[in-house]
Amino acid sequence: MSNPVDVILSLVLLSCLFSFGSSRLPGLIKVLAFQGVVVSIVPLFIDPNMTGGGILFTIITLTIRGIVIPLCIYLAIKKVAIHREVEPIVGYHASMLAGLGLIVGAMFVSRNFDVPAGNASVLLLPTAITVLVSGMFLLMARRNAIAMVLGYIMMENGIYLVGTTFSAHARHIVEFGILLDVLAGVMIMAIILQNIRRTFDDVDTALLRTLKE
Amino acid sequence: MLEFVFLAPFLAGIVAFFLPRNLGRPLLVIIGAVHLLLSVLIWVRRPVSMFPEYFAVTPEGLLSLLVISLLFFLISIYTTGYLKASNIKSENIFTGSMLLFLSTMTLVTLSDHIMVMWIAIEATTLASAPLIYTHRTSASLEATWKYVLICSVGIAMALLGSVLITVSMDVGKVDVPISFSALTAVAKSLDPMWLKAGFVFILVGYGTKMGLAPMHTWLPDAHSEAPSPASALLSGVLLNCAYLGIFKTNNIMVAAGLGDFSGAILMVFGLISILAAATFILKQTEYKRMLAYSSIENMGIIAFGTGVGGLAAYGAILCLIHHSLIKSSLFLTSGNILLGYGSRLIKGTGNLVNRMPRTFVAFFAGFAGISGFPPFGIFIGELFIIVGTFRAGHYVSVGIFILSLCVIFAGFANQVLKISFDDTDATIQLPESAVMVWPQYTLLLTSLVLCFWVPNTLYQTIIHAVNAIGGGF
């Protein structure tokens, strides 16, 4: 386990567990920012002969995933002026336990996959699966709208892990386009959050139940 | 030149945000006309892109492009009347978003690169979100929130699917550009396991956007809360754009010899969507939601036909074109009804035949068209799908299919008859101006004409599009 990639990836796994245990939104955002930074630097350690363009792109990714997106959400909740609970549907301890189970499950599942040759790290696929499913879990197990957006961002982090590390085909311009889409999506969600707060005086999604069959 | 067709509306959309309020309306019509002209030129000349790795003119893309262009032009004419009659506060945001929406949808039809396709489809979500929130009510806010969150999460699945397809290239040791056309050509050497996984994720992802059940929950809310011109665009062409992503991935699957796998999944999702629509349409109390469920039904029919392949795939493309024409006209007409009666509820309307006779003609003809009455194209499309399914020997599926269509027709007819002929004491607040009925008439007439006379170039393009999945006669 002396491989630096494995060390970094275990930090990502830890951040997932932390996010399951955080009860307050600012804490959850900090965990997400940390995860964004760590996920963005993974390619630096995986690709031995990275070009200048690659390094530049990594820095841009790090700025957007680690700083701009969390800041965007942070400012949104600051305007909304609440430092409050994430309103869990599944409790924190149960979430943590589910997270541990998830990591074990991901390890077990990913042994069965035929991963392309030349991948340095054994932890890569399990981590990617864990981050992805953790994001979905946050989406489903928290009623607070902001926590749901954070879950979406975590899912995107997971997909990014699968993407950058598994294939060398995508050009940076295309990856940049994807990043820009995610950024714009989060910004629009932040705007909607502010409007939800203004209209309903809360960001509990239980209030958004008028349209249904 | 190819790039200009999505750059023009993009730039115009940016400009529209800063224009004074009433200049946006003529700008919409002008850009609509320019876009239509460019699309026809592209159809005739079939130019090659400056970035052939990312963009290409494909037959299925051309069909969608022309439909988008025609619809947008007619809808933009209607919009001038609609904006005059309704009270929308931030009109320049509305027109700007409409133009950006047009630009992103055009990008979808022209993109050949898997990731560019994803970027474009996600961009359509972002560009259309402000359209749904136009009325600034708490219900429209809820609809926008659901739309953005469910579609973004869904489309994230499609991104994962696209990544998995590139993994299947790595495992299969294939090195080609990640474009649909290149991958279809080398499909046999892609790793089948990762390719299957990629297809499932892409189907779930783009299926969310297309409104396939059980991922359809955002659709009735978004379509009913958006202003009618936006609903017409959402239902008429946005769903087609998402379908295009699924169609192209299905082409890769068929070329890789996995057509049975992908076809079966498409058929199952299609049937679930039709059944879901049949369940919910029966007890609808709002007419725009009823139309939205009818869109889910038609998307189900199209997915089902594509899954069956052969003659049914040809039928599915016919349904796709005619659904766009007829459904967008119905949504525009529902805008007239909403402005006229001031109520979203079916109960709040009635006696449309006497109160708004010109709107009634468009509404009733649209209803006949969408539920598959003979003079309109959906009838032929559905007939081909049914015959194709019989030929392929899926007797149980075709039984469910026909039964659901009957139920939907009964439910739909019940509500439409209430709106058209029931007594009401409502007063009409809208004069039926020409710009607010003629776009619908034109759309319905186009569908009618295409039913009796298909230009050879259109026929060839459709056949060319479905050839890859064994379509045609």
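S.K.: Can you help me understand the interface of chain B and chain A in this one?
M.R.: When the parts of a complex come together, some accessible area is lost, and that lost area is often taken as the interface size. Counting residues at the interface gives 46 residues for chain B, matched by 43 residues for chain A. Summed over both sides, the interface between chain B and chain A buries roughly 3,800 Å², with carbon and sulfur atoms accounting for 74% of that surface. Contact with chain A buries area across many residues of chain B, yet Leu141, Glu142 and Trp145 of chain B alone supply 18% of it, more than any other trio. Remark: the boundary between chain B and chain A carries zero salt bridges. In this structure, the connection of chain B to chain A is made through zero residue pairs in polar contact (both at pLDDT 80 or more). Secondary structure elements with two or more residues in the side of chain B that touches chain A: helix H5 (114–132), helix H6 (138–171), helix H8 (192–210), helix H9 (218–225) and helix H12 (287–308) of chain B. Sorting elements by how many residues they give to the side of chain B that touches chain A places H6 of chain B first, with 22 residues.

S.K.: Can you walk me through the layout of surface pockets in this structure?
M.R.: To locate leftover empty space, one rolls a probe as large as a water molecule over the atoms. The space that makes up the largest pocket amounts to roughly 1,300 Å³. Sorting the residues of the lining of the largest pocket by element identifies helix H7 (172–200) of chain A together with helix H1 (4–18), helix H4 (91–110) and H5 of chain B as the ones contributing at least two each. Among the elements that make up the lining of the largest pocket, the one with the highest residue count is H7 of chain A (twelve residues). Partitioning the lining of the largest pocket into residue classes produces 31 nonpolar, eight polar and three charged. The computed volume of the second largest pocket comes to approximately 860 Å³.

S.K.: Where do I start with the pattern of salt bridges in this structure?
M.R.: A pair can form between side chains of opposite charge whenever their charged atoms are brought close. All names here are of chain B. According to the stated counting rule, one finds five salt bridges over all chains in the structure shown. Of the charged contacts in the structure, one is a salt bridge between Asp221 and Lys146, with a shortest N-O distance of 3.0 Å. Note that Asp221 is positioned in helix H9 and Lys146 in helix H6, a separation of 75 residues in sequence. Looking at Asp221, the relative accessible area reads 2%, which means it is buried. Through salt bridges with shared partners, a single network forms among Glu142, Lys146, Asp221 and Arg289.

S.K.: Can you help me understand the environment of Leu66 of chain B in this one?
M.R.: All names here are of chain B. With respect to the secondary-structure elements, Leu66 resides in helix H3 (residues 59–85). As for Leu66 and Leu36, which are separated by 30 residues in sequence, their C-alpha atoms are 7.3 Å apart. Those residues within four positions of Leu66 in sequence are excluded, and the remaining contacts are Ser39, Val40 and Trp43.

S.K.: I'm lost on the environment of Ile88 of chain B in this one. Help?
M.R.: Residues and elements named next belong to chain B. Within the secondary structure, Ile88 is located in the loop between H3 and H4. For Ile88, a relative accessible area of 2% corresponds to the buried category. As a C-alpha pair, Ile88 and Phe6 span 82 residues in sequence and 27 Å in three-dimensional space. With residues up to four places along the chain from it excluded, the contact list for Ile88 reads Arg21, Tyr82, Leu83, Thr134 and His135.

What counts, and where the lines are drawn
Residues numbered from 1 in each chain as written. Chains lettered and ligands numbered in written order. Predicted model: local features only at pLDDT ≥ 70, side-chain atom pairs only at ≥ 80, totals over all residues. Heavy atoms only, no water. Contact = heavy atoms within 4.5 Å. Buried area = accessible area lost by both parts, 1.4 Å probe. Salt bridge = Lys/Arg side-chain N within 4 Å of Asp/Glu carboxyl O. Polar contact = N/O pair within 3.5 Å; in protein donor to acceptor, adjacent residues only side chain to side chain. Helix = DSSP H or I, 4+ residues; strand = E, 2+ residues; numbered from the N terminus. 1 Å grid on protein atoms, 1.4 Å probe; cavity = no way out; pocket = protein on both sides within 12 Å on 5 of 7 lines; lining within 4 Å. Points joined across faces, edges and corners; volume = space filled by probe spheres on them. Nonpolar A, V, L, I, M, F, W, Y, C, P; charged D, E, K, R; others polar. Buried < 20%, exposed > 50% of the residue type's maximum accessible area, 1.4 Å probe, protein only.

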